[in-house]
Amino acid sequence: MSVLIRNARVIDPASSFDAEADLLIREGVIEQAAAPGQIAGADDILEAKGLVATPGFIDLHVHLREPGQSHKETIATGTMAAAAGGFTSLCCMPNTDPVNDLPAITRWMLQPERGAVVNVFPIAAATVGSAGEKLTDFAALRREGAVAVTDDGRPILHDGIMRSAMLQAAALGMPVIQHAEDTALTRGGSMHQGARAFRMGLRGMPAEAEWSVVRRDIQLARETGAHLHVAHISTAEAVEAVREARRHGIQVSCEVTPHHFALADDDIREYDANFKMNPPLRSPADREAMIVGLLDGTIDAIATDHAPHALHEKRQEFDRAPFGITGSETALGLALSILYEGRGLPLDKVIALLTARPAQILRGSEAGRRGTLAPGAPADIVIFDPSAKWRYEAANSKSKSQNTPFDGWEMRGRVMATMVGGEFVFRGE
Amino acid sequence: MPHPGSLLGIEALTDQAIASILSSARQLELAGAHPALAGRRIALLFYEPSTRTRVSFEMAAKALGATTYLVLAAASSIEKGESLLDTALTLCAMGAEAIVIRHPSSGAPHFLSRYVDVPIINAGDGMHEHPSQALLDAFTILEIRQRIAGLKIAVIGDIYHSRVARSDIHLLSRLGAEIVLCGPPELAPDVAVTLRPGLRLTRNADEAVRDADIIMLLRVQKERFGGLPLFVERYIAEFQMTPQRLAKARPDALVMHPGPMVRGMELTDAVADGARSLVLRQVRNGVAVRMAILRRAFGDVN
């Protein structure tokens, strides 16, 4: 079985390739990219003149909600939404029910019965039950397919536990991912602490709650030699801390969500819980710092923090509704609208944030082989129209949930086809 | 879109609506009971304890001839986990034509107003707004001073947790008062001055009351502290309204408090019961102002 994608602008940041080319896929693997017209034929031919073909996107941060919360999302529906957004690999967070703290749970997530249509790379809990007390068995979890460890929304705040987690992860070449939040400072909070929270009468979550933990973690990464990955960075101070740490050669990487470079706290619609997530939408100055961090390379990756919730859970009083929004289907459109069209970040750099650079963060695992179109790589490919303007309609989402602040937003750049291992898993019209 | 008769907060209220409610309240106060809403059904949905606001809305509704239905969170299906929206829709299905809501979550009335097509009257939402209280405060000041523009008003105490403070600041500042905020940093954060242009903040209560026409005291809301330490003795020493401190204000300065008062904390007995205290007058005026608010809810603006 072979597929030929013809006349696409092929962008592969991992190999610094950016040219109009034909791309041949055979038996699920990239065979070659060649000048247009040089490859004779294939079983299936896709004409892609005017379109861009890149490695399928890698999302370092999604919540697939299985096991245990399948009323919000399932691995099947979450991966379908991802495919529609151009993602071919997802790292799913361990805050399921039960928490993914055992090899058997990791294995269960990866069973074919789950119906995943894109690659799933579980991130396991760093501590048992994500309770922050006793480390899980990183090596055993890794053997079953876990690519990193984190306690995500229940951050590891105890210095000693974080240090032990880093030492164990460093020995295995796994990153430790931290959702940086000093929960003692954010208790009862439902949005960023600032003028807008005061005006709305909502308790705030101060920026300090994030950057103080990022600074501590950087210090521990320096001491242990571990790879620290900062999840969904959102404050200017935290980005500056990462920038400074890199200057000193400390192994630290970070991701930002599209909503943190698209929105700020003054964009929150009147007590609409579809604008409630953690970390919260920050100040306009913080949003600008996210964009600057993306432009200057400090921020490594765009990750969605796709966090589906059922309608009845979000249709509540703002302070009672759960944190989180969906994001798989809007990431490319927001990145192209804001970073490429709005701020002039070259297309190959935008694509690198979704492909080669997240793959680099996962370099110690199977997921690290993804994110490239080099010959021999798995044929995970997305084809999109970079100039198409379209309107996102949450009602048409492939996700089980529609909790997004971007319903009705005009986007630039539309996914036309997504291929995983040589098979199309999504075809747009 | 919220129902046009809704009163969600002062911030979103037009100048015209403010003027109309205040003048309607004045007329109703003179006219007394008036069966303008005879046969109409008003639900009072209270998720938080309340004495004066609840009774005041009830008396206002009854003075207009309306029937009220009181739903208390602690004695209803809300305890069984029914959502706010379902509770409100249930009341509407039973014929409620307006909902007066008191709720611990900021924005709960705004949220409801997106899904429910009857007027929603905010009787206090979390730390956000308490518009009927601000309107009765303005009404009370106008009754005595005939103007608000140019008055110096000191707002002292727990501003951070206070929905009354936010509504009063919005309203009195809109009406031209010069407002000084005062309290310890935990209760009067610097960010409070961003609520309206021209606000000032001081940590010194003597400075706040100097030359003040009105001193508005706020209850220290211990139940909303969530672990915040409060040094009671320090608060009393620095911010409590005493006759000595009151003497630094204008000789005709008036003291207001939305209640419930914590005597010995925000103010001494001598101030609470003194000749300059408007506390009971505020309560009395609440009924006329709420009658005006309810008439507006039903589109009866005459």
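What you see is a predicted model, and the numbers here were worked out from it, not measured in a lab.

A. Looking closely at the environment of Lys400(A). Topologically, Lys400(A) is positioned in the loop between strand 16 (381–391) and strand 17 (410–420). For the pair Lys400(A) and Gly188(A), spaced 212 residues apart in the sequence, the C-alpha separation amounts to 28 Å.

B. Region of interest: the domain arrangement of chain A. All names here are of chain A. Considered domain by domain, chain A is made up of domain 1 (2–53 + 378–427) and domain 2 (56–369). Between domain 1 and domain 2, the residue contacts involve 35 residues of the former and 50 residues of the latter. Summed over both sides, the interface of domain 1 with domain 2 buries roughly 3,300 Å², with 64% coming from carbon and sulfur. Interface area lost by domain 1 to domain 2 is led by Lys400, Asn403 and Arg412, which between them contribute 21%. For the pair domain 1 and domain 2, the number of links is 2 salt bridges. Ionic pairing is found between Arg412 and Glu341, a salt bridge with its closest N-O pair at 2.6 Å. Those elements giving two or more residues to the side of domain 1 that touches domain 2 turn out to be strand 1 (2–12), strand 16, strand 17 and strand 18 (423–427). By residue number, the principal contributor to the side of domain 1 that touches domain 2 is strand 17, which donates 7 residues.

C. A look at the interface of chain A and chain B. Counting residues at the interface gives 17 residues for chain A and 27 residues for chain B. Taken together, both faces of the contact between chain A and chain B bury some 1,900 Å²; the carbon and sulfur share is 53%. Three residues stand out in chain A for area buried against chain B, namely Phe198(A), Arg199(A) and Arg203(A), and they jointly supply 40% of the buried area on that side. For the pair chain A and chain B, the interface holds 1 salt bridge. Between Glu11(B) and Arg199(A) there is a salt bridge, with the nearest N and O atoms lying 2.7 Å from each other. In terms of residue count, helix 6 (residues 195–200) of chain A provides more of the side of chain A that touches chain B than any other element does, 4 residues in total. Looking at the side of chain A that touches chain B residue by residue, the class counts come to 5 nonpolar, 4 polar and 8 charged.

D. Inspection of the packing of helix 5 (residues 131–145) of chain B against helix 6 (residues 163–174) of chain B at higher detail. Residues and elements named next belong to chain B. Two elements in contact, helix 5 and helix 6, have axes separated by 8 Å at closest approach and are oriented at 50°. Here helix 6 runs oblique to helix 5, going by the angle between their axes. The handedness of the crossing between helix 5 and helix 6 comes out as right-handed. Residues Pro131, Gln133, Ala134, Leu135, Asp137, Ala138 and Ile141 of helix 5 lie in contact with helix 6, whose contacting residues are Val164, Ser167, Asp168, Leu171 and Leu172. Of the residues assigned to the contact of helix 5 with helix 6, the class counts are 8 nonpolar, 2 polar and 2 charged.

E. Structural context of the domain arrangement of chain B. Residue and element names in this part refer to chain B. The domain architecture assigned to chain B consists of domain 1 (15–130 + 283–297) and domain 2 (132–280). Computed over C-alpha atoms, the centres of domain 1 and domain 2 are 26 Å apart. The contact between domain 1 and domain 2 buries some 2,300 Å² in all, and 56% of this surface belongs to carbon and sulfur atoms. Put simply, domain 1 and domain 2 have 2 salt bridges between them. Of the charged contacts in the structure, one is a salt bridge between Glu48 and Arg163, with a shortest N-O distance of 3.0 Å. Contributions of two or more residues to the side of domain 1 that touches domain 2 are made by helix 1 (15–31), helix 2 (52–63), strand 3 (98–103), strand 4 (120–125) and helix 11 (279–297). The residue inventory of the side of domain 1 that touches domain 2, partitioned by class, reads 10 nonpolar, 7 polar and 10 charged.

F. Focus on the packing of aromatic side chains. For the structure on display, the rule yields 6 aromatic pairs over all chains. Seen from their ring centres, Phe57(A) and Phe87(A) are 5.7 Å apart, and the 75° between their planes marks the pair as edge-to-face. One end of the pair, Phe57(A), is in strand 6 (residues 57–62); the other, Phe87(A), is in strand 7 (residues 87–92), with 30 residues separating them in the sequence. Judged by relative accessible area, Phe87(A) falls into the buried class, the value being 0%. The interplanar angle of 35° and the centroid separation of 5.4 Å between the aromatic rings of Tyr235(B) and Phe239(B) together place this pair among those described as tilted. Placement of the pair is Tyr235(B) and Phe239(B) together in helix 8 (residues 232–239), with a separation of 4 residues, close to one helical turn.

G. Representation of the sheet that holds strand 1 (residues 41–46) of chain B. Residue and element names in this part refer to chain B. Spatial ordering of the open sheet is given by 2-1-3-4, a layout of 4 strands whose pairing is parallel. The outermost strands of the open sheet, each flanked by one partner alone, are strand 2 (67–72) and strand 4. Strand-to-strand, the axes of this sheet are offset by a mean angle of 15°, without reference to chain direction. Bridge count for strand 3 against strand 4 is 4 bridges, and the pairing is parallel.

H. The packing of helix 1 of chain B against helix 5 of chain B, seen in detail. All names here are of chain B. Taken N-terminus to C-terminus, the directions of helix 1 and helix 5 make an angle of 65°; their axes are 10 Å apart at the nearest point. Where helix 1 crosses over helix 5, the two elements pack in a sense that is right-handed. On helix 5, the residues touching Ile18, Ile21, Leu22, Ala25, Arg26 and Glu29 of helix 1 are Leu135, Ala138, Phe139, Leu142 and Glu143. The residue makeup of the contact of helix 1 with helix 5, split by class, is 8 nonpolar, no polar and 3 charged.

I. A look at the confidence of the model for chain B. In the predicted model, chain B carries a mean pLDDT of 94, and the fraction of residues at 70 or more is 97%. For this predicted complex, the interface confidence comes out at an ipTM of 0.96, alongside a pTM of 0.95.

J. Region of interest: the pattern of salt bridges. Residues and elements named next belong to chain B. Applying the stated criterion across every chain, the model contains 42 salt bridges over all chains. In this structure, Asp15 and Arg174 form a salt bridge, with 2.9 Å as the shortest nitrogen-oxygen distance. Taken together, the residues span a long stretch of sequence, with Asp15 in helix 1 and Arg174 in helix 6 at a distance of 159 residues. The exposed category is assigned to Asp15, whose relative accessible area is 55%. A residue is classified by how much of its surface remains accessible, and Arg174, at 25% relative accessible area, is partly exposed. Put simply, Lys62 and Glu58 hold a salt bridge, and the shortest N to O gap is 3.4 Å. Remark: Glu58 and Lys62 occur in helix 2; sequence separation between them is 4 residues, near one turn of the helix.

K. Main features of the side chain of Thr106(A). Take Thr106(A): it is sitting in helix 2 (residues 103–109). Excluding anything up to four places from it in sequence, Thr106(A) contacts Asn100(A), Pro122(A), Leu141(A), Glu144(A), Gly145(A) and Ala146(A).

L. Layout of the nonpolar core. Residues and elements named next belong to chain A. Residues Ile218, Ile233, Phe261 and Leu339 are the most contacted members of the largest nonpolar core, which totals 95 residues. For this core, the domains that each give at least three residues are domain 1 (2–53 + 378–427) and domain 2 (56–369). In contact with Ile233, not counting residues within four places along its chain, are Glu210, Ala238, Val239, Val242, Cys254, Glu255, Val256, His260, Met290 and Ile299.

What counts, and where the lines are drawn
- Residues numbered from 1 in each chain as written.
- Chains lettered and ligands numbered in written order.
- Predicted model: local features only at pLDDT ≥ 70, side-chain atom pairs only at ≥ 80, totals over all residues.
- Heavy atoms only, no water.
- Helix = DSSP H or I, 4+ residues; strand = E, 2+ residues; numbered from the N terminus.
- Domains from an automatic or database assignment.
- Contact = heavy atoms within 4.5 Å.
- Buried area = accessible area lost by both parts, 1.4 Å probe.
- Salt bridge = Lys/Arg side-chain N within 4 Å of Asp/Glu carboxyl O.
- Nonpolar A, V, L, I, M, F, W, Y, C, P; charged D, E, K, R; others polar.
- Axes fitted to C-alpha atoms, helices over the stretch in contact; angles between N-to-C directions.
- Parallel < 35°, antiparallel > 145°, perpendicular 65-115°, else oblique.
- Left-handed = near helix turned anticlockwise from the far one by under 90°.
- Phe/Tyr/Trp six-rings, centres within 6.5 Å; stacked < 30°, edge-to-face > 60°.
- Buried < 20%, exposed > 50% of the residue type's maximum accessible area, 1.4 Å probe, protein only.
- Pairing = 2+ DSSP bridges.
- pLDDT = per-residue confidence, 0-100.
- Core = buried A, V, L, I, M, F, W, Y, C linked by side-chain atoms within 4.5 Å.

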